Amino acid sequence: MEEELIGVKNTALSLILDCDNLKELEELRLQFLGRSGKLTLLLKELPKLPLEKRGEIGKLANEVKKTIEETLENQKSKIKNQNFDAEKETIDKTIPGIKPEIGHLHPMTQVLSEVVDIFKSLGFQAADGPEIETDYYNFEALNIPKDHPARDTQQTLYIDTRNSRIAAGETLLRTQTSNMQGRIMEKIKPPFRVIVPGKVFRYEQVDASHGFEFQQFEGFAVDENIKMTDLFGVIEYFFKKFFGEKTKVRFVCHNFPFVEPGAEAYISCNACKGKGCAFCKNSGWVEILGAGMIHPNVLRNVNIDPNKYHGFAFGVGLSRLATLRYQMDDLRLLTNPDMRILEQF
Amino acid sequence: MLAPLSWLKEYVDITLSPKELGERLTEVGLGTERISKVDEDTIFEFEITPNRPDLLSIIGIAREIAAIEKTKIKSASWRTQIKFLKPQKPLPLTINTDFKINPRFTGIIIDAITIKESPAWLKKRLEKVGLRPINNIVDITNYVMLELGNPLHAFDYKKIKGNTLNVVQANGGEEFKSVDGITYDLPKGAVVIKDSEKIIDLCGIKGGFNSQISNETKTIFIRVPIEISTLIRKASQALGLRSEASSIFERGVNSSGTIDTLKRCVGLVLELAGGEIKSDLYDLKKSDFSTWKLKLRLDRLSKILGINIAEKNVLSILDSLNLSPKKTVDKNLIEVTVPTYRNDLKIEEDLIEEVARLYGYNKFPKTLPSGQISTKQIPYFKDYKLEEKVKNIFASLGFSEIYTYSLVGENDVVDAGFDPENILRIDNPVSRDFEYLRPTLKIGLKKALAQNKPNFEKINLFELGKVYLGKNLDHAIEDYFLSGISNSKTFFEIKGLLEELFNQLGITDDPSAFIQSEDDTVVFELNFSKLLGKINLGKAFVPIPKYPPMAEDLSIIASSNTKAMDVINEIKNQSNLIVDVSLLDKFENTRTFHIVYQDKNKNLTSDEISKIRSKILKTLKSKFGATQKE
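Residues numbered from 1 in each chain as written. Chains lettered and ligands numbered in written order. Predicted model: local features only at pLDDT ≥ 70, side-chain atom pairs only at ≥ 80, totals over all residues.

Chemist: How do you make sense of the overall build of chain B when you look at a structure like this?
Modeler: When helices and strands are tallied, chain B shows 19 helices and 29 strands. Over its C-alpha atoms chain B spans a radius of gyration of 40 Å, topping by over 25% the 25 Å that the globule rule assigns to 630 residues. For chain B, the spread of C-alpha atoms along the three principal axes comes to 130 × 60 × 45 Å. When burial is assessed residue by residue, chain B has 39% of its 630 residues classed as buried. Within chain B, residue pairs in contact and separated by at least 24 positions form 70% of the contacts whose partners lie at least 6 positions apart. (Helix = DSSP H or I, 4+ residues; strand = E, 2+ residues; numbered from the N terminus. Rg over C-alpha atoms; globule rule 2.2 N^0.38 Å. Buried ≥ 20, exposed ≤ 12 C-beta atoms within 10 Å, placed from the backbone. Contact = placed C-beta atoms within 7 Å.)

Chemist: Would you take a moment to explain the overall build of chain A for this structure?
Modeler: The helix and strand tally for chain A stands at 11 helices and nine strands. A compact globule built from 345 residues would reach a C-alpha radius of gyration of about 20 Å, whereas chain A, at 41 Å, exceeds it by more than 25%. Taken along its principal axes, the extent of the C-alpha atoms in chain A is 125 × 50 × 40 Å. When the 345 residues of chain A are sorted by exposure, 42% land in the buried category.

Chemist: What's the story with the packing of helix α2 (residues 18-28) of chain B against helix α3 (residues 58-68) of chain B in this structure? I'm lost.
Modeler: Each packed pair of helices is defined by two parameters, the angle between the axes and the distance between the axes. All names here are of chain B. Where α2 contacts α3, the two axes come as close as 11 Å, and the packing angle between them is 100°. With respect to their mutual orientation, α2 and α3 come out roughly perpendicular. Contacts from Leu-21, Arg-24, Leu-25 and Val-28 in α2 reach Glu-64, Ile-65 and Ile-68 in α3. In the contact of α2 with α3, the residues fall into five nonpolar, no polar and two charged. (Axes fitted to C-alpha atoms, helices over the stretch in contact; angles between N-to-C directions. Parallel < 35°, antiparallel > 145°, perpendicular 65-115°, else oblique. Nonpolar A, V, L, I, M, F, W, Y, C, P; charged D, E, K, R; others polar.)

Chemist: Can you help me understand the interface of chain B and chain A in this one?
Modeler: The interface of chain B with chain A comprises 81 residues on the first partner and 85 residues on the second. Here the residues of the side of chain B that touches chain A are counted per class, giving 38 nonpolar, 23 polar and 20 charged.

Chemist: I'm lost on the sheet that holds strand β1 (residues 2-4) of chain B in this one. Help?
Modeler: Sheets are built from strands that pair by backbone hydrogen bonding, the pairs being arranged parallel or antiparallel. Residue and element names in this part refer to chain B. With antiparallel pairing, three strands are arranged side by side in an open sheet as β1-β3-β2. Here the strands that pair on one side only, and so sit at the sheet edges, are β1 and β2 (31-38). The mean inter-strand angle of the sheet, taken between neighbouring strand axes irrespective of direction, is 25°. Taken together, the three bridges between β1 and strand β3 (residues 41-47) define a ladder with antiparallel strand orientation. In the sheet register, Ala-3 faces β3, and the bridge partner there is Phe-44. Docked against the sheet, helix α5 (residues 120-128) engages β1, β2 and β3, running at close to 140° with respect to β1. (Pairing = 2+ DSSP bridges.)

Chemist: So what exactly am I meant to see when it comes to the sheet that holds strand β4 (residues 192-201) of chain A here?
Modeler: Residues and elements named next belong to chain A. Strand order in this open sheet of seven strands is β1-β4-β5-β9-β8-β7-β6, and the pairing throughout is mixed. Taken across any chain shown, the strands that pair with only one partner, and hence form the sheet edges, are β1 (125-126) and β6 (249-253). Sheet topology places strand β5 (residues 213-223) next to strand β9 (residues 310-317); eight bridges connect them, and they run antiparallel. The residue of β9 that forms the bridge with Asp-223 is His-310. Sheet contacts for helix α8 (residues 228-243): β6, β7 (259-268), β8 (285-294) and β9; angle to β8, the most-contacted strand, approximately 145°.

Chemist: What exactly am I supposed to notice about the environment of B:Thr340 here?
Modeler: All names here are of chain B. When you line up the elements, Thr-340 lands in the loop between β18 (333-338) and α12 (348-359). Expressed as a C-alpha distance, the spacing of Thr-340 and Asn-254, which sit 86 residues apart in the sequence, is 5.6 Å. Those residues in contact with Thr-340 that lie beyond four places of it in its chain are Asn-254, Ser-255, Ser-256, Phe-289 and Thr-291.

Chemist: For this particular structure, what's the right way to read the environment of A:Leu299?
Modeler: All names here are of chain A. Structurally, Leu-299 can be placed in helix α9 (residues 296-301). Since 21 C-beta atoms lie within 10 Å of it, Leu-299 is described here as buried. Distance from Leu-299 to Phe-258, taken between C-alpha atoms, is 9.5 Å for residues 41 residues apart in sequence. In contact with Leu-299, not counting residues within four places along its chain, are Ile-294, Ile-304, Pro-306, Tyr-309 and Gly-311.

Chemist: What am I meant to see in the confidence of the model for chain B here?
Modeler: Any segment with low pLDDT has predicted coordinates that should not be analysed in fine detail. The pLDDT averaged across chain B works out to 94; a share of 100% of its residues lies at or above 70. On the interface metric, ipTM, the complex scores 0.89, and its pTM is 0.85. (pLDDT = per-residue confidence, 0-100.)

Chemist: Looking at this model, I keep getting lost on α3(B). Mind explaining?
Modeler: All names here are of chain B. Most of α3 sits inside the fold, with 11 of its 11 residues counted as buried. Listed as buried for α3 are Ile-58, Ile-59, Gly-60, Ile-61, Ala-62, Arg-63, Glu-64, Ile-65, Ala-66, Ala-67 and Ile-68. Positive backbone phi, approximately 55°, marks Lys-70, located one or two places after α3.

Chemist: Would you take a moment to explain the pairing of β18(B) for this structure?
Modeler: Remember that side chains alternate between the two faces of the sheet whenever the strand is regular. Residues and elements named next belong to chain B. Of the two faces of β18, only one is covered, namely that formed by Ile-334, Val-336 and Val-338; the face formed by Leu-333, Glu-335 and Thr-337 stays uncovered. Note that strand β16 (residues 292-297) and β18 share six bridges and pair antiparallel. By the bridge assignment for β18, Leu-294 is matched with Val-336. Strand direction decides the pairing type here: strand β17 (residues 326-327) and β18, joined by two bridges, are antiparallel. Bridged to Lys-327 within β18 is Ile-334.

Chemist: Just checking my understanding: could you explain unusual backbone geometry for this structure?
Modeler: Across the chain, the bulk of peptide bonds are trans and the bulk of non-glycine residues have phi less than zero. Cis geometry is adopted by the peptide bond preceding A:Pro191, which originates at A:Pro190 and carries an omega value of 0°. Topologically, A:Pro191 is positioned in the loop between α7 (179-185) and β4. Positive phi outside glycine occurs at B:Phe289, with the angle close to 50°. Its location among the elements puts B:Phe289 in the loop between β15 (282-285) and β16. Even without being glycine, B:Asp519 reaches a positive phi, approximately 45°. Summarising the element assignment, B:Asp519 is placed in the loop between β24 (515-518) and β25 (521-527).

Chemist: Sorry if this is basic, but what is going on with the environment of B:Leu270 here?
Modeler: Its place among the elements puts B:Leu270 in helix α9 (residues 258-273). With 45 residues separating them along the chain, B:Leu270 and B:Leu315 place their C-alpha atoms 42 Å apart.

Chemist: Any chance you could explain the nonpolar core here in plain terms?
Modeler: A general trend in soluble globular proteins is that nonpolar side chains are found buried together. In this structure, A:Ile235, A:Ala291, A:Ile294, A:Phe312, B:Ile220 and B:Ile222 are the most contacted members of the largest nonpolar core, which totals 212 residues. Discounting chain neighbours no more than four positions away, the residues touching B:Ile222 are B:Gly107, B:Ile108, B:Ile110, B:Leu152, B:Ala154, B:Leu262 and B:Cys265. (Core = buried A, V, L, I, M, F, W, Y, C linked by C-beta atoms within 7 Å.)

Chemist: It is not clear to me how the packing of helix α5 (residues 107-120) of chain A against helix α10 (residues 318-325) of chain A should be interpreted in this structure. Could you clarify?
Modeler: All names here are of chain A. Running from N to C, α5 and α10 point in directions that differ by 105°, and their axes come no closer than 9 Å. Taken together, α5 and α10 sit at an angle that is classed as roughly perpendicular. For the pair formed by α5 and α10, the contact residues are Pro-107, Met-108, Val-111, Leu-112 and Val-115 on the first element and Leu-318, Leu-321, Ala-322 and Arg-325 on the second. Residues that form the contact of α5 with α10 fall into these classes: eight nonpolar, no polar and one charged.

Chemist: Quick question: what am I supposed to make of α8(A) here?
Modeler: Three or four residues apart is the spacing at which side chains of an α-helix point the same way, because the helix has 3.6 residues per turn. Relative to the 22 Å expected for 16 residues at 1.5 Å per residue, α8(A) spans 22 Å between its end C-alpha atoms, a close match to the ideal helical length. Along α8(A), the residues that are buried comprise A:Met228, A:Asp230, A:Leu231, A:Phe232, A:Val234, A:Ile235, A:Phe238, A:Phe239 and A:Phe243. (Expected span 1.5 Å × (residues − 1).)

Chemist: What's the story with the pairing of β7(A) in this structure? I'm lost.
Modeler: Residue and element names in this part refer to chain A. Where burial is concerned, most of β7 is hidden: 10 out of the 10 residues are buried. Neither face of β7 is left uncovered, since the one carrying Val-259, Pro-261, Ala-263, Ala-265 and Ile-267 and the one carrying Glu-260, Gly-262, Glu-264, Tyr-266 and Ser-268 both have all their residues buried. Relative to β7, β6 is paired through five bridges, and the arrangement is antiparallel. Of the residues in β7, the one forming a bridge with Phe-251 is Ala-265. In this structure, the hairpin formed by β6 and β7 is closed by a connection of five residues.

In structure tokens:
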């Protein structure tokens, strides 16, 4: 009797655990626990046992019954769950997920962050300086005396001096981040490598490619052995990192009073990959940067000996970099707070 | 500057195609902006940098091309054809000049000319460079200026009263009518020519209406001057009046070019208008305006450029630029002689650029700086990563970033509640809409909110940018502000956001004062520059407690004037076993506080907590008259 009970239990459990649908499971229940089920029939034999064994076997029989019942229940819910999972398969997963409420960093911020990172990898520290500036730092320290024709290329906004002791025409909104060359260099000794991003202002009528406010960054490095090939190398490194390693960089001679020799850099147009498009006026090249070896007069103005030290400097339109990166055809898109623009970034 | 290929070819042989030529010229510094075909000719449009007055002429551009083509410019026949011989019966003229304001005055009188239309070739050439033909004399002076780069002017001799030319500076306020018929009020210091009665020329900028060439003109005086660049520039800027001549003079004209210019002009006048020379050659000059010498050290050339260019190549490049390089006893040293038309070449570095640009910038190898990287923090250092962290917190909480203009209009300033009289202002604004330096970022944010309303229901925007404080320039301060606007978040959501920001920056201040509810929006603004001073990013790990906390809620009834934060602080003060207190609920005068107790050394018993609770209730009763709600 004892062996028979255990045999029924084992058979029942293995059959139940193998079962994977509710209908068959119900059949198994009837097969073991039903009115003429195997266990039911066995239990009917109980009263026939000798009295002293009846208690022990009875206890075992109850345990077997309980185990089979529990296993049946567990298997039942397991099969139900599986069916539920199968049901879920029929949900349309192509429906877009629920949009999290997340804001967007401005493209200018994203570009600026990349610029600072790239130059950091070349040992450049980043600085920040004033926008309200003196004529001295914006022009004169940079070898652009008053009445120099180069001032025409940077028409200037002057600050009203009403109620102030400062002479009119001496304080302005900086026209270039180069103002920081004098401010920083007069306070430190070489060697140094610096970049300075920031806002600049011009007296300029606004159109798609001009504004009275835009962002630039200035870079400069001074040491005993800084040379023009370093300038070209740093600029190429930057543009290849920023626009991709296939970017080509071309240099031409140009005049800026605070550098000598002077240069401008063009990069292969990233919008059309150099084939020619509206961004590059069909030339395949985009003018993007002014640069050169720092003029000895500028070094002398900050008490650095131009016979011992040389340096290079460059200035890039950060706004222009951003519009090129994202192929925006109008500089004004960067100051337009329309969320239909912002949410693209 | 427009230059027809046909004209350039009169001065230099060109083998390169127009496209190649444009590219090479751009590389050496003569930016070629456009190449176009007109009739059978090719027209180049160049951008001339402020240091190169010589390139505002056909001959100057031809010299640059000659250097590229490794050839020399052709010598022109007119140089030898015209001789200035003393005429019989010269016409009278008295010139009084001042070398301080007019370093050189070259001129001559030609009589018995015939004013007529210029021949077709001359008219066509002027039209190609964008000039309108007028009559033969005026056209010739324009033509010669464009060809040789020295501006010149023809006066009707008969209109010069008293046969006298006085070069003087204007007192300021005098009226002057230019050849175009426009009347100007002259600025003080402008250099002018007066005859015995009146001003007849605004030197270096525009000729006078009253002495101009007319159809009846029979006798002319041609003047080729050297002017002082700063004086011309000042006057031209004060008047807002620019001309081809003034842009040449303000860059510095070729001081020894006046005689050649006069020769070329006289030759063309005699050829196209007839007449004869009727005066001595006038050439009043401060000095001889000779060439100057410069030295170039080959080792410095290599040191600055980072490449070694063979001496032979250096000499050949300098020679192609007519700089007459000479080797010296010092093998390292080359001496050059700079022609007067290259007054941009003043120092050794200028010569280094000449060699570098003609060698070709794009042949340079590219290197990275090899020296030390300084670990010392630079002046004006800024941690851009920190700003980025702040911006990322806002973005992660649903705020999008905007960049708006620093310049705003008077209405904006008034609407934001400021008195324009106390706001920094631009003297010469681009427009009235961009006249003041913003004293708050809220101006831009509120406009941005309004702009987005038609398209978006929920708008959350922020800006981190400069504002400009101080009631006048003496007190001007530029500070970074951090400001935001929301039409979908509550005061307490914004407060929570700022608390989280402060928490991440290690700042313990209460941000409530920075937040304002206005109509259907919540706006916040704080001085980020000042906040930076309070940042504490140093963090030290605190071990996770071993024993569990006990928490309970305590409801009290107190006057509605009682501030929740005061109660919280008071509860916290009662025991150092209280690790957190927060306001759970508020209904009329009843507030429920959630209090968390924890002892890091052992499990707390309910006995201990009950003692602290009694202490809390006692204190709250005495401080706020609060009672526990049963």
